[in-house]
Amino acid sequence: MGERGDSDTICTDCTSRTHRTHRTHRTHRTHRTDRGAVTRRRFLEHLGVIGGSSLVMTAMSSWELMAGQAGVRPSLTGRPAKADVIVLGAGISGLVVAYELNKLGYDFRILEARDRVGGMSWTVRRGTEHTEINGEHQVCTFDDGLYINVGPWRIPYTHTGILGYCKELGVSMQMFVNEADASYFYYEGAGPFANTRVRLREVKADLIGRTNELLVKAIDKRQLDLPLTAEDTQRFVSYLAGQGYLDASDRTYKAFEARGPGNPYALADLLRSGFGSRMRSIAASDGTAAAPMFHPVGGMDQIPKAFERALGARRITFNAEVRSVHQGDSGIEVSYVDTKTGKSIRTTADYVVACLPLSVLAGVDINLSPEMMAAVRSTPYSDSAKMGLAMKRRFWEEDDQIFGGHLYSNLPLGEFSYPSDGYFSHKGVLLGLYAHNGIVGNEPVKARVEHVLTHASKVHPQIRQEFESAYGVWWKRVKYSQGGFATGAAAARREQLSRVDNRIVIGCAATAPTSEPDWQEGAVSAGWQAVTSLHNRAMRTL
Ligand SMILES: Cc1cc2nc3c(=O)[nH]c(=O)nc-3n(C[C@H](O)[C@H](O)[C@H](O)COP(=O)(O)OP(=O)(O)OC[C@H]3O[C@@H](n4cnc5c(N)ncnc54)[C@H](O)[C@@H]3O)c2cc1C
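Residues numbered from 1 in each chain as written. Predicted model: local features only at pLDDT ≥ 70, side-chain atom pairs only at ≥ 80, totals over all residues. Heavy atoms only, no water.

**So, the sheet that holds strand β23 (residues 504–506)**
Item 1. An order of β12-β2-β1-β16-β23 is seen for the 5 strands of this open sheet, with the pairing classed as parallel. Looking at the sheet topology across the chains shown, the edges are occupied by β12 (316–317) and β23.
Item 2. Docked against the sheet, helix α16 (residues 520–540) engages β1 (84–88), β16 (351–354) and β23, running at close to 170° with respect to β16. (Pairing = 2+ DSSP bridges. Helix = DSSP H or I, 4+ residues; strand = E, 2+ residues; numbered from the N terminus. Contact = heavy atoms within 4.5 Å. Axes fitted to C-alpha atoms, helices over the stretch in contact; angles between N-to-C directions.)

Below is the structure:
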């Protein structure tokens, strides 16, 4: 457990990410055993030195080390005679742990510091508020019915762990549009298309059309040595011509109506633009490019709320900020403060499953073994941020025919995205910024909004006029989170974190044995691992 990715070498042929894929891909076996090859881990460590965690995250994302399935839900049997469990934290991992313990018949309760379930699975809507650590207070003033998912916002279809719970708990799901042909490229700086909006559909059509034209012409002139019979070569040509919409008579690529007005761009310009790096066929794994993706109707928080309903209100104590956890030979004592009354409360149990982010757990008075505490303290967290922008008018739909998907740009906004719901209604919430490098986090909130509007208006000049209000979440500045998701998949650390520490098991997404902490699937995978370890530990003491 926890060693995924470390023994793998980077396959430059397909940049496939998972062991499963490598095992089923014959050519990759040889890549894995190449002597002296750069391991993914070594490569990521080098990247970390050069470019910090954001570069590592980018590399991990592009290899999709960061996505994957939680595997098969554990099928556990038996019930220990005495097993009173306290679960710390009601994020997805804590809720999964509680849900599975409930099925096994354990006596358990959750202590949750916030007044709601979900942790990072947080949907901001009218009336939502928070105060940043040593910072400003924000209150959301979006119209009723509008919202922004400031943590998780999309789920690949391959994340069968979390989607399985959605089905089981009756959470209504809808499609998340991760790519819209009408969306724009906008690269600021130099180059053939600098500071110009170019539609994704034009780039796609022209790159494919121009490439296919070259190939077909080369085949016609017998310049390619193809491992095909004459008949298959003709079939190949027909395929290339059809796919690239080549003219039947002269095999030339010409613009066509659905591509949009104007002549095709020159291949050399397209290549120099760098747009091609966004063009892929089928996503090699299940990362952010996998289609389809889903999101719950009404906001991501519908998932934790469904768990809450299934568990029943009496199982969760809200506003319970855990301050200390002391384990001994015969039991474990947990102290927390009721943040509403300020009262300190002590309680005991046989076991604790800690589903707090490690960034928070590191500051709790807890007597873990020195090795475990070292692993907790050495886990870095991303400096992720999101900002939702409520707009008076859905100008991206009305003026630009963009329905969902993203803007592809090098603007300092990270990802800028259009909502995948509420189409053809009046107002909507744009994701104005989604980044992992703490960008503008040190500025006052007003300046952060100004930053986003200034850059976004280069692509959408209407944005200032249509802007109504904003709500931003910089996760490092959020109490009870102190960061986005655990980064750096150090195998030894994960292996340590997966161990049972006498009476304590760690179950937050950072310990995920499969999938990765930047997905709820990682939280599910971690929860399953924690329940399995705890159950095995409790059954041994029978
Ligand atoms: C910006 C961003 C975007 C993301 N996008 C996606 C996405 O698109 N799709 C996807 O599937 N995943 C996504 N993720 C990842 C996903 O959010 C996480 O993997 C998952 O939510 C982590 O769940 P968790 O239970 O481990 O932690 P958390 O959600 O952090 O839960 C921990 C819980 O512990 C509680 N707590 C903290 N301190 C205390 C204390 N002292 N006492 C008691 N309780 C305490 C917290 O209040 C919280 O409820 C994203 C994450 C971020 C940050």
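**Thoughts on the site of the ligand**
Item 1. Looking at the ligand, there are 38 residues lining it, with S93, E112, R154, P517 and Q520 nearest.
Item 2. In the model, a nitrogen atom of the ligand is placed 3.1 Å from a nitrogen or oxygen of the A113 main chain.
Item 3. V322 is positioned such that a nitrogen or oxygen atom in its backbone is 2.9 Å from a nitrogen atom of the ligand.
Item 4. Across the complex, the protein chains shield 98% of the 1000 Å² of accessible surface that the ligand would expose by itself.
Item 5. For the shell around the ligand, the secondary-structure elements that each account for two or more residues are α4 (92–104), β13 (320–327) and α16.
Item 6. Of all the elements, β13 adds the most residues to the shell around the ligand, at 3 residues.
Item 7. For the shell around the ligand, a count of residues per class yields 23 nonpolar, 10 polar and 5 charged. (Near = heavy atom within 4 Å. Polar contact = N/O pair within 3.5 Å; in protein donor to acceptor, adjacent residues only side chain to side chain. Areas by Shrake-Rupley, 256 points an atom, 1.4 Å probe, with all protein chains shown as cover. Nonpolar A, V, L, I, M, F, W, Y, C, P; charged D, E, K, R; others polar.)

**Some words on the packing of helix α6 (residues 200–220) against helix α7 (residues 230–243)**
For any two helices packed against each other, one specifies the inter-axial angle together with the distance between the axes.
Item 1. In contact at an axis separation of 9 Å, α6 and α7 are set at 155° when each is read in the N-to-C sense. When the axis of α6 is compared with that of α7, the two are roughly antiparallel. As α6 packs across α7, the resulting crossing turns out to be left-handed. In contact with I208, N212, L215, V216 and I219 of α6, α7 contributes T233, F236, V237, L240, A241 and Q243.
Item 2. Of the residues assigned to the contact of α6 with α7, the class counts are 8 nonpolar, 3 polar and no charged. (Parallel < 35°, antiparallel > 145°, perpendicular 65-115°, else oblique. Left-handed = near helix turned anticlockwise from the far one by under 90°.)

**Concerning the pairing of strand β2 (residues 107–111)**
Every regular strand shows the same layout, with side chains that alternate between the two sheet faces.
Item 1. In the sheet, β1 pairs with β2 via 5 bridges, with the strands oriented parallel. When the sheet's bridge partners are listed, D84 is paired in β2 with D107.
Item 2. Across 2 bridges, the pairing between β2 and β12 is parallel. The residue of β12 that forms the bridge with L111 is T317.

**Comments concerning the packing of aromatic side chains**
Item 1. Here the structure, examined in full by the defined rule, presents 18 aromatic pairs.
Item 2. Consider the rings of W153 and F176, whose centres lie 5.2 Å apart with planes at 90°: the pair is edge-to-face. Placement of W153 in the loop between β6 (147–149) and β7 (155–156) and of F176 in strand β8 (residues 173–176) is noted, with a sequence separation of 23 residues between them. Each of the two residues, W153 as well as F176, counts as buried.
Item 3. With a centroid separation of 5.1 Å and an interplanar angle of 85°, the aromatic rings of F395 and W396 are classed as edge-to-face.
Item 4. What links up through ring pairs into an aromatic cluster is the set F185, Y187, F193, Y265, F275 and Y408.
Item 5. We note R448 situated over the ring of W474; from NZ or CZ to the ring centre the distance is 4.6 Å. (Phe/Tyr/Trp six-rings, centres within 6.5 Å; stacked < 30°, edge-to-face > 60°. Buried < 20%, exposed > 50% of the residue type's maximum accessible area, 1.4 Å probe, protein only. Lys NZ or Arg CZ within 6 Å of the ring centre and 35° of its normal.)

**Some points on the pairing of strand β11 (residues 293–296)**
Item 1. By the bridge criterion, 2 bridges tie β7 to β11 in an arrangement that is antiparallel. Its bridge partner lying in β11, I155 is registered against F294.
Item 2. Bridging between β8 and β11 involves 4 bridges; their strand directions are antiparallel. Bridge assignment links Q174 to a residue of β11, and that residue is H295.

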